[in-house]
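Structural description and commentary
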Amino acid sequence: MQRSTPSPRRPSRGLKSAIDVGPIASLARRAKQLDDLDRQLRQTLPNPLRDQVRFADHREGRLVFLAPSPAWASRLRLHQAQILEAARAMGTRASSVTVKVASLPPGLPELPPAKPLSVGAAGHLQAAAASMSDPELRAMFLRLASVAARGAHDNEPQD
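What comes next is a walk through the structure. Quick caveat, the model's predicted, so the values are computed rather than measured.

1. A few points about a nonpolar patch on the surface
On the surface, L117, L144 and V147 cluster together into a nonpolar patch covering about 230 Å² of accessible area. One can find L117 in the loop between β3 (96–101) and α5 (119–130). Residue L117 is classed as partly exposed on the basis of its relative accessible area of 36%.

Pasting the structure below:
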């Protein structure tokens, strides 16, 4: 009977973030570029207009914006020269502005306020921390327990 010898393992470089791998990395870079351009170009617009429109794309020298209604699209078109000048000042090659009427993507949802942890939860976190051998993890649990304990004291009625 032959013994099988284990194949040599390649050294592991650890986990990589999904945005650092292949096509996802280029997609993430493109999204960041478009987001930065959106923020910078909209800052050049007057306040009510800035909040109503979104920059959507930049291809072949064309800047594409989205507006929620024809009225906002018309207002944005009045600022085409200003937008092109700002884009060129930022180093973006742009020769035209296109405005499309479309519903804007929703903003980030508002998160409900965090509920404070109870004194009992703080006690359980402290007990769990006491049983841990990893000092970093223990410190994290104790820090969380102290937040829970502080939150519980903040909610107690004052005399």
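Anyway, onward from the coordinates.
2. Quick word on the sheet that holds strand β1 (residues 54–59)
Ordered in space as β1-β2-β3, the 3 strands form an open sheet in which the pairing is mixed. The sheet terminates laterally at β1 and β3, the two strands that pair on one side only. Recorded for the sheet is a direction-independent mean angle of 25 degrees between the axes of neighbouring strands. As paired strands, β1 and strand β2 (residues 62–67) are joined by 5 bridges and run antiparallel to one another. Bridging from a neighbouring strand, F55 pairs with F65 of β2. Contacts between helix α1 (residues 22–43) and the sheet are confined to β1 and β2, with β1 contributing the most and set at about 125 degrees to the helix.

3. Points about the side chain of D38
Examined against the element boundaries, D38 turns out to sit in helix α1. Since its relative accessible area comes to 8%, D38 is described here as buried. Engagement of the side chain of D38 in a polar contact is seen with the side chain of R42, the distance being 2.9 Å. Residue contacts for D38: discarding those within four places in its chain leaves R54 and F55.

4. Structural notes on the pattern of salt bridges
In total, this model carries 5 salt bridges according to the counting rule given. Between D36 and R39 there is a salt bridge; the shortest N-O distance is 2.8 Å. Taken together, the positions of D36 and R39, both in helix α1 and 3 residues apart, correspond to about one turn of that helix. The exposure class assigned to D36 is partly exposed, which follows from its relative accessible area of 21%. With a relative accessible area of 44%, R39 lands in the partly exposed category. In this structure, R59 and D57 form a salt bridge, with 3.0 Å as the shortest nitrogen-oxygen distance. Several salt bridges converge on common partners, so that one network encompasses R30, D57 and R59.

5. A closer look at the pairing of β2
Among the 6 residues in β2, 5 count as buried, and that is most of the element. Counting the residues that bridge the hairpin from β1 to β2 gives 2 residues, and of these E60 lies at a positive phi of roughly 50 degrees. Taken together, the 6 bridges between β2 and β3 define a ladder with parallel strand orientation. Among the inter-strand pairings, V64 is bridged to a residue of β3, identified as T98.

Conventions and cut-offs
- Residues numbered from 1 in each chain as written.
- Predicted model: local features only at pLDDT ≥ 70, side-chain atom pairs only at ≥ 80, totals over all residues.
- Heavy atoms only, no water.
- Patch = residues over 30% accessible without salt bridge, like charges linked within 9 Å, V, L, I, M, F, W, Y side chains within 5 Å.
- Areas by Shrake-Rupley, 256 points an atom, 1.4 Å probe, with all protein chains shown as cover.
- Salt bridge = Lys/Arg side-chain N within 4 Å of Asp/Glu carboxyl O.
- Helix = DSSP H or I, 4+ residues; strand = E, 2+ residues; numbered from the N terminus.
- Buried < 20%, exposed > 50% of the residue type's maximum accessible area, 1.4 Å probe, protein only.
- Pairing = 2+ DSSP bridges.
- Axes fitted to C-alpha atoms, helices over the stretch in contact; angles between N-to-C directions.
- Contact = heavy atoms within 4.5 Å.
- Polar contact = N/O pair within 3.5 Å; in protein donor to acceptor, adjacent residues only side chain to side chain.

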